[in-house]
Amino acid sequence: MLLAELLLLTFLLFDYGKSTEITFKNVNFQGYRMFTPKFRPTILSGNNLKDYLPNKDFDTLEFVDQVIPVLYENSIADIEHLNELIIESSNVREIRPGAFKNLPHLNRISLKVNKLERIENGVFNNLQLHTLDLSHNQITNVYPHAFDDMRHIYYINLAYNNISKWDPSWFKNTPELSILFMKNNLIEELPERSFQNLRIKNIKIRNLNLIFSNNKISKIHPKAFVDLKRINQLVLTNNLLEKFDKEILQNVVVNDLRLNNNSIQCFEENALDTIFRGQSVYIEFNPFDCECLKILQKWAKNNNNKYLGINEIKCDDDDEEEPDVIEIENVVWDNTLSVNRITLVLPRKN
Ligand SMILES: *[C@@H]1O[C@H](CO)[C@@H](O)[C@H](O)[C@H]1NC(C)=O
Ligand SMILES: *[C@@H]1O[C@H](CO)[C@@H](O)[C@H](O)[C@H]1NC(C)=O
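These numbers come from a predicted model, not from an experiment.

**Q** Can you help me understand the site of ligand 2 in this one?
**A** The local shell around ligand 2 consists of Thr237, Asn238, Asn261 and Phe285. Contact distances for ligand 2 include 2.4 Å between an oxygen atom and a side-chain N or O atom of Asn238. When the residues that make up the shell around ligand 2 are grouped by side-chain class, the tally is 1 nonpolar, 3 polar and no charged.

**Q** Help me out: how do you make sense of the confidence of the model for the chain in this one?
**A** In low-pLDDT segments, the atomic positions of the prediction should not be examined closely. Per-chain confidence: the chain averages 88 in pLDDT, with 83% of residues scoring 70 or above. Within the model, the stretch residues 319–323 combines pLDDT values under 50 with 1 contact to residues more than four positions away or in other chains. Every residue in residues 337–341 is under pLDDT 50, and counting partners more than four places away or in other chains gives 2 contacts.

**Q** What am I meant to see in the side chain of Glu94 here?
**A** One can find Glu94 in strand β9 (residues 94–95). A polar contact is formed between the side chain of Glu94 and the side chain of Arg96, at a distance of 2.7 Å.

**Q** So what exactly am I meant to see when it comes to the site of ligand 1 here?
**A** Around ligand 1, the neighbouring residues are Glu117, Gln138, Thr140 and Asn162. Within the side chain of Gln138, one N or O atom sits 3.2 Å away from a nitrogen atom of ligand 1. Here an oxygen atom of ligand 1 and a side-chain polar atom of Asn162 are 2.3 Å apart.

**Q** Looking at this structure, I do not really get the state of the cysteines. What am I missing?
**A** A covalent bond between the sulfur atoms of two cysteines is what we call a disulfide. Tallying each qualifying case throughout the model produces 1 disulfide. The residue that forms a disulfide with Cys266 is Cys292, at a sulfur-sulfur distance of 2.0 Å. In this structure the cystine formed by Cys266 and Cys292 twists about its S-S bond by roughly 90°; its chirality is therefore right-handed. With a gap of 26 residues between them, Cys266 in the loop between β21 (253–258) and α2 (272–275) and Cys292 in helix α3 (residues 290–302) connect regions that are remote in the sequence. Overall, Cys266 belongs to the partly exposed group, its relative accessible area being 24%. On the accessibility criterion, Cys292 (2% relative accessible area) is buried.

**Q** Is there a simple way to think about the pattern of salt bridges in this case?
**A** Opposite charge on two side chains makes pairing possible when the charged atoms of those side chains draw close. Tallied over the full model, the rule gives 14 salt bridges. For Asp51, the salt bridge is made with Lys50, and the minimal N-O distance between the two is 3.7 Å. Lys50 sits in the partly exposed class, given a relative accessible area of 37%. A salt bridge links Asp227 to Arg193; its shortest N-O distance comes to 2.9 Å. Within this pair, whereas Asp227 is found in the loop between β19 (219–220) and β20 (230–235), its partner Arg193 is found in the loop between β17 (189–190) and β18 (209–211), the two being separated by 34 residues in sequence.

**Q** Explain α3 to me, please; I cannot follow it from the model alone.
**A** Residues three or four positions apart in an α-helix share a direction because the helix packs 3.6 residues into each turn. Its 13 residues place the ends of α3 18 Å apart at the C-alpha level, agreeing with the 18 Å of an ideal helix rising 1.5 Å per residue. Elements in contact with the buried residues of α3: α2. A positive phi of about 55° marks Asn304, the residue just after α3.

**Q** What is the right way to look at the nonpolar core in this model?
**A** Most often, soluble globular proteins keep nonpolar side chains buried together rather than apart. Ile76, Phe100, Phe124, Phe147, Phe225, Phe244 and Phe267 are the most contacted members of the largest nonpolar core, which totals 87 residues. Per-element accounting of this core gives the leading share, 5 residues, to α3.

**Q** Hey, could you run me through the sheet that holds strand β3 (residues 36–39) in this one?
**A** Backbone-to-backbone hydrogen bonds pair the strands of a sheet. The strands run either parallel or antiparallel. Read from one edge to the other, the open sheet built from 12 strands follows the order β3-β2-β5-β8-β11-β13-β15-β16-β18-β20-β21-β22, with strand pairing classed as mixed. The two strands at the open ends of the sheet, each matched to only one other strand, are β3 and β22 (280–282). Across this sheet, the average inter-strand angle for adjacent strands is 15°, counted without regard to direction. As judged from the 3 bridges shared by β18 and β20, these two strands associate in the parallel manner. Paired with Ile211 across the bridge in β20 is Val235.

**Q** When you look at the side chain of Thr23 in this model, what are you seeing that I'm missing?
**A** Tracing the backbone through its elements, the reader meets Thr23 in the loop between α1 (2–19) and β1 (24–28). Residue Thr23 is classed as buried on the basis of its relative accessible area, which comes to 2%. In terms of polar contacts, Thr23 uses its side chain to reach the side chain of Asn47, at 2.5 Å. There is a polar contact of 3.0 Å between the side chain of Thr23 and the backbone nitrogen of Tyr72. Filtering out sequence-adjacent residues up to four positions away, Thr23 remains in contact with Gly46, Asn47, Ile68, Val70, Leu71, Tyr72 and Ser75.

**Q** How do you make sense of unusual backbone geometry when you look at a structure like this?
**A** The bulk of non-glycine residues show a negative phi, and the bulk of peptide bonds are trans. Phi is positive for Asn26, close to 50°, though the residue is something other than glycine. Relative to the elements of secondary structure, Asn26 occurs in strand β1. The exposure class of Asn26 is exposed, given its relative accessible area of 56%. Unusually for a residue other than glycine, Asn304 sits at a positive phi of about 55°. Note on placement: Asn304 falls in the loop between α3 and β23 (331–332).

Quick notes on the rules
Residues numbered from 1 in each chain as written. Chains lettered and ligands numbered in written order. Predicted model: local features only at pLDDT ≥ 70, side-chain atom pairs only at ≥ 80, totals over all residues. Heavy atoms only, no water. Near = heavy atom within 4 Å. Polar contact = N/O pair within 3.5 Å; in protein donor to acceptor, adjacent residues only side chain to side chain. Nonpolar A, V, L, I, M, F, W, Y, C, P; charged D, E, K, R; others polar. pLDDT = per-residue confidence, 0-100. Contact = heavy atoms within 4.5 Å. Helix = DSSP H or I, 4+ residues; strand = E, 2+ residues; numbered from the N terminus. Disulfide = S-S within 2.5 Å. Buried < 20%, exposed > 50% of the residue type's maximum accessible area, 1.4 Å probe, protein only. Salt bridge = Lys/Arg side-chain N within 4 Å of Asp/Glu carboxyl O. Expected span 1.5 Å × (residues − 1). Core = buried A, V, L, I, M, F, W, Y, C linked by side-chain atoms within 4.5 Å. Pairing = 2+ DSSP bridges. Axes fitted to C-alpha atoms, helices over the stretch in contact; angles between N-to-C directions.

As structure tokens, this is what we get:
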């Protein structure tokens with residue numbers, strides 16, 4: 001009797017545990033076909049979206065301003081016609097591995113403006129997506145294999161999140177990945193071989209765009225980009241770089257390089273031909289002193305007046321030159337001299 005009760009209790013608990021996995025409670029969504037609204041059902045309570053699709057006349061499903069805290073396993077599964085899935089501003093905190101399954105035509109997902117804190121392995125792998133928007137969440141933790149084996153992914157947007165560490169093991173087997181938005185995160189460093197998985201393995205040229213503006217990057221390993229030959233756009237605007245060494249771009253040509261709004265004191269003169277060899281280079285809003293500006297402007301002049309964003313900056317070196325401050329240990333003020341004359345007795349070296 002007791003045993004039977006215990007079993008029943010266990011079963012009930014187990015069943016209860018299962019039955020709480022309800023992704024959609026009082027949720028509205030909109031179905032579209034070719035941008036035309038087709039239906040707008042409400043799900044009172046259920047986990048499998050496919051059970052609530054009134055017909056097959058749609059290519060896009062959109063959830064906006066809903067409350068969907070957790071996308072449980074199989075919540076978005078077995079929907080043959082789905083092309084684009086939009087779940088925006090819907091308080092999504094968590095996506096369980098296996099939430100997206102058997103979606104043969106799904107090529108875009110937007111989950112922007114939610115409350116995601118981590119992206120686990122097993123959520124996006126092996127989907128046929130070309131576009132994934134995870135911007136404006138609170139992601140701090142992206143698992144090392146979270147984006148592996150996304151063979152058609154072209155665009156990933158992780159902007160406006162809380163990512164503080166770049167992991168070189170991300171993006172394995174993503175041969176089409178070309179646009180990576182990482183702006184407005186908290187990344188501090190680009191470590192050695194940061195882009196080892198974005199190396200081009202065949203003749204095909206990947207037109208890579210890496211957008212890292214508005215992070216906290218103060219360190220770039222000299223071999224951070226060693227796996228890449230060419231980058232279309234590398235945006236490091238608004239970071240904390242104090243220097244940018246020649247080695248970083250030794251073997252990679254960056255078509256459009258943006259280093260503006262950092263704390264770079266200057267570049268080494270013999271590094272300029274390497275760092276500035278791409279088509280556009282923006283270096284304005286760095287604390288270059290006059291001496292540095294002169295070196296940079298001279299280089300620009302000798303290189304067809306290449307636009308660096310600083311060519312116009314006037315150095316008031318000559319007009320309002322601040323006097324050099326000489327530190328002197330022994331100063332003797334001779335009162336007998338006129339007030340304009342001061343005798344400085346410089347300490348003898350050795
Ligand atoms: C993410 O960063 C924002 C702003 O810096 C902060 O308010 C928020 O608490 C952070 N969230 C997490 C989960 O760390
Ligand atoms: C760069 O800094 C300047 C001066 O502080 C500011 O006006 C400008 O908006 C900044 N640009 C970016 C892209 O942050």
